[in-house]
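In case you want the letters, here they are:
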Amino acid sequence: MAGSSSETTELRLDPVTIQAVDASDLLADIVGLPEHLRDALWKVESANLQPWDSPGGMVVAGMGGSAVGGALARAMLGDHASRPILASRTYGLPAWTTPDTTVLCSSYSGNTEETLACYESAGALGARRVTVTSGGHLAELARADGVPVIPVAGGFQPRAAVAYMTVAALEVARLCGAGPRMGAEIDVAADYLEQLVVEWGADSAEDSEAKMLARALHDSVPCIAGSGLTSPIAYRWKCQFNENAKIPAFTHELPELDHNELVGWQDASALGRFAAVFLDDSDTPPRVKERIALTSELIGDQATSTHVIESRGRTTVERVFSLVLLGDLLSLYVAVLRGTDPTPVDVIETLKARLAGT
Ligand code: PA5
């Protein structure tokens, strides 16, 4: 990754410049990630749930910013998941949902129709239900039905509540017998992430990794590839580029990418400015690491820039959230460089209102 010194001077990302564009201070919620992790553990505890047994595993039902937590939790648990864990992003539940399945209905607003439909289906199927929400219709229904509600702090954009949704999914996985205890790992990760906030946050040097990457990507369409642990993070990056920076972004995963998308890069530069981003991790198998290096080389002359970005930290929780934090900051910095307020997602609201006939 390279950025000339003249670019660094022109495209400044100092706190004053950031504040001028980030009118609702989304940055505060992004750098609040370590504190959200700690608070999320308390919030789960406050729901006072006692362990139960779901031999059928767990489905995390949710959409968009409220779905990502389930996918990240699944990736973090990896081989330690002792039962199936699936993130479901639609109106219905998998056909294998039975009374032996736990369904965690995850909706920040509590008013997302797909998630409410899953809540009803889970009830009809006799599945064990848990909800995680800041309120809305979901909280009302759950309270009326005696279904536990894990509370989430109010006042965020749903996508900024990623720590709450992930911790809720990890904790519910533990409670229903699908995953191990992760509380200590989450606490330690929160401390580690504080350091990364300093390294990449608004007060970081103009040539910090997050700011340099933002300068390299702000006028291109990011095409982000993950593999294994980093696949749901690649999707998180894509969504954050979409919602914060308001630009198109695409995601794929290795090794599958090498069997199709690789060819699609052949004349990419004639069509537009596409940047290739590969998310890497210390646990990525050697053969996939070789693929990252080779793919990056083979498409290099068609991409505006190529980047291989390694997760940081020791545990999976640290490594996953290091990349989540980097992507969140980076997408906010790209928004700032483009002069776009990162917070509003008006078109999502318009679509929801139109579907509701209002
Ligand atoms: O980021 C967003 O605002 C969206 O992706 C929402 O998370 C999505 O529309 C679902 O809404 P909610 O998170 O309130 O269930």
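Refer to the structure printed above.
The structure contained in this document is the topic of the report that follows. (Residues numbered from 1 in each chain as written. Predicted model: local features only at pLDDT ≥ 70, side-chain atom pairs only at ≥ 80, totals over all residues. Heavy atoms only, no water.)

1. Observations regarding the overall build of the chain
Inference 1: Check the secondary structure of the chain and you find 16 helices and 9 strands.
Inference 2: On C-alpha atoms alone, the chain measures out to a radius of gyration of 20 Å, which is about the 21 Å that the 2.2 N^0.38 rule sets for 358 residues.
Inference 3: Along the longest, intermediate and shortest principal axes, the C-alpha atoms of the chain span 60 × 45 × 45 Å.
Inference 4: Taking all 358 residues of the chain together, the buried fraction comes to 55%. (Helix = DSSP H or I, 4+ residues; strand = E, 2+ residues; numbered from the N terminus. Rg over C-alpha atoms; globule rule 2.2 N^0.38 Å. Buried < 20%, exposed > 50% of the residue type's maximum accessible area, 1.4 Å probe, protein only.)

2. Describing the layout of surface pockets
Inference 1: Here the largest pocket defines a volume of roughly 980 Å³.
Inference 2: Within the residue set of the lining of the largest pocket, elements represented by two or more residues are helix 6 (113–125), helix 11 (231–245) and helix 16 (346–355).
Inference 3: Residue classes in the lining of the largest pocket are distributed as 14 nonpolar, 11 polar and 11 charged.
Inference 4: Each pocket or cavity is described by its volume, and for the second largest pocket that value is around 300 Å³.
Inference 5: Ala75, Gly78, Gly228, Leu229 and Asp283 are, among the 18 residues lining the second largest pocket, the residues nearest its centre.
Inference 6: Contributions of two or more residues to the lining of the second largest pocket are made by helix 5 (68–77), helix 11 and helix 15 (316–337).
Inference 7: Here the lining of the second largest pocket gets 3 residues from one element, more than from any other, and that element is helix 5.
Inference 8: Each residue belonging to the lining of the second largest pocket can be placed in one class, and the counts come to 6 nonpolar, 7 polar and 5 charged. (1 Å grid on protein atoms, 1.4 Å probe; cavity = no way out; pocket = protein on both sides within 12 Å on 5 of 7 lines; lining within 4 Å. Points joined across faces, edges and corners; volume = space filled by probe spheres on them. Nonpolar A, V, L, I, M, F, W, Y, C, P; charged D, E, K, R; others polar.)

3. A look at the environment of Leu262
Inference 1: Along the chain, the position of Leu262 falls in helix 12 (residues 261–264).
Inference 2: Each residue touching Leu262, except ones within four places of it in the same chain, is listed here: Leu257, Thr295, Leu298 and Ile299. (Contact = heavy atoms within 4.5 Å.)

4. Considerations on the side chain of Ser54
Inference 1: Position of Ser54 relative to the elements: it lies in the loop between helix 4 (33–46) and strand 1 (58–62).
Inference 2: Those residues in contact with Ser54 that lie beyond four places of it in its chain are Arg83, Asp100, Thr101, Thr102 and Cys176.

5. As for the site of the ligand
Inference 1: All residues in the neighbourhood of the ligand are listed as Met63, Gly64, Gly65, Ser66, Ser107, Tyr108, Ser109, Thr112, Pro158, Arg159, Glu243 and Lys352.
Inference 2: The backbone of Gly65 places a nitrogen or oxygen atom 3.0 Å from an oxygen atom of the ligand.
Inference 3: Glu243 is positioned with one of its side-chain polar atoms (N or O) 2.5 Å from an oxygen atom of the ligand.
Inference 4: Surface burial for the ligand is 93%, taken as the share of its 380 Å² of free accessible area covered by protein chains.
Inference 5: When atom positions are compared with the pocket grids, the ligand is found to occupy the largest pocket.
Inference 6: Residue composition of the shell around the ligand, by class: 3 nonpolar, 6 polar and 3 charged. (Near = heavy atom within 4 Å. Polar contact = N/O pair within 3.5 Å; in protein donor to acceptor, adjacent residues only side chain to side chain. Areas by Shrake-Rupley, 256 points an atom, 1.4 Å probe, with all protein chains shown as cover. Sits in = over half its atoms within 2 Å of the grid points.)

6. Some details on the pairing of strand 8 (residues 274–280)
Inference 1: In terms of residue burial, strand 8 counts as a mostly covered element, since 6 of its 7 residues are buried.
Inference 2: Note: strand 6 (residues 221–226) against strand 8, 5 bridges, orientation parallel. Paired with Pro222 across the bridge in strand 8 is Ala275.
Inference 3: Here 5 bridges tie strand 8 to strand 9 (residues 306–310), and the two strands are oriented parallel to one another. Following the sheet pairing, Leu279 is matched in strand 9 by Ile309.
Inference 4: Considered for its hand, the β-α-β crossover made up of strand 8, helix 14 (residues 286–299) and strand 9 is right-handed. (Pairing = 2+ DSSP bridges. Right-handed = clockwise from strand over helix to strand, strands pointing away.)

7. Points about the pairing of strand 2 (residues 85–88)
For a regular strand, side-chain orientation follows a simple rule: the groups alternate between the two sheet faces.
Inference 1: As defined by bridge partners, strand 1 adjoins strand 2 across 4 bridges and the pair is classed as parallel. Looking at the pairing, Ala61 lines up with Ser88 of strand 2.

8. Details of unusual backbone geometry
Inference 1: Note that the residue after Leu254, namely Pro255, is joined by a cis bond; omega there is 10°.
Inference 2: Along the chain, the position of Pro255 falls in the loop between strand 7 (250–253) and helix 12.
Inference 3: The phi dihedral of Lys246 falls on the positive side, at around 60°, and the residue is not glycine.
Inference 4: Counting through the fold element by element, Lys246 comes out in the loop between helix 11 and strand 7.
Inference 5: With relative accessibility at 33%, the residue Lys246 sits in the partly exposed group.

9. Describing the packing of helix 9 (residues 183–200) against helix 15
A packed helix pair is summarised by two numbers, namely the angle formed by the two axes and the spacing between the axes.
Inference 1: At their nearest, the axes of helix 9 and helix 15 sit 9 Å apart, and the two run at 35° to each other. Both helix 9 and helix 15 take part in a crossing whose hand is right-handed. The residues of helix 15 that touch helix 9, namely those facing Glu185, Ile186, Val188, Ala189, Tyr192, Leu193, Leu196, Val197 and Trp200, are Thr316, Val317, Glu318, Phe321, Ser322, Leu325, Leu326, Leu329 and Tyr333. (Axes fitted to C-alpha atoms, helices over the stretch in contact; angles between N-to-C directions. Left-handed = near helix turned anticlockwise from the far one by under 90°.)

10. Describing the sheet that holds strand 2
Inference 1: A sheet is described by the order of its strands in space; here 5 strands give the open sequence 2-1-3-4-5, paired in parallel fashion. Strand pairing shows two members of the sheet lacking a second neighbour, strand 2 and strand 5 (149–151), which therefore form its edges. Each strand of the sheet is rotated relative to its neighbour by a mean of 20°, with strand direction disregarded.
Inference 2: Here strand 1 pairs with strand 3 (residues 102–107) via 5 bridges, running parallel. Each residue of the ladder has a partner; that of Ala61, found in strand 3, is Cys105.
Inference 3: The strands touched by helix 7 (residues 136–145) are strand 3, strand 4 (128–133) and strand 5; relative to strand 4, the strand with the most contacts, the crossing angle is about 140°.

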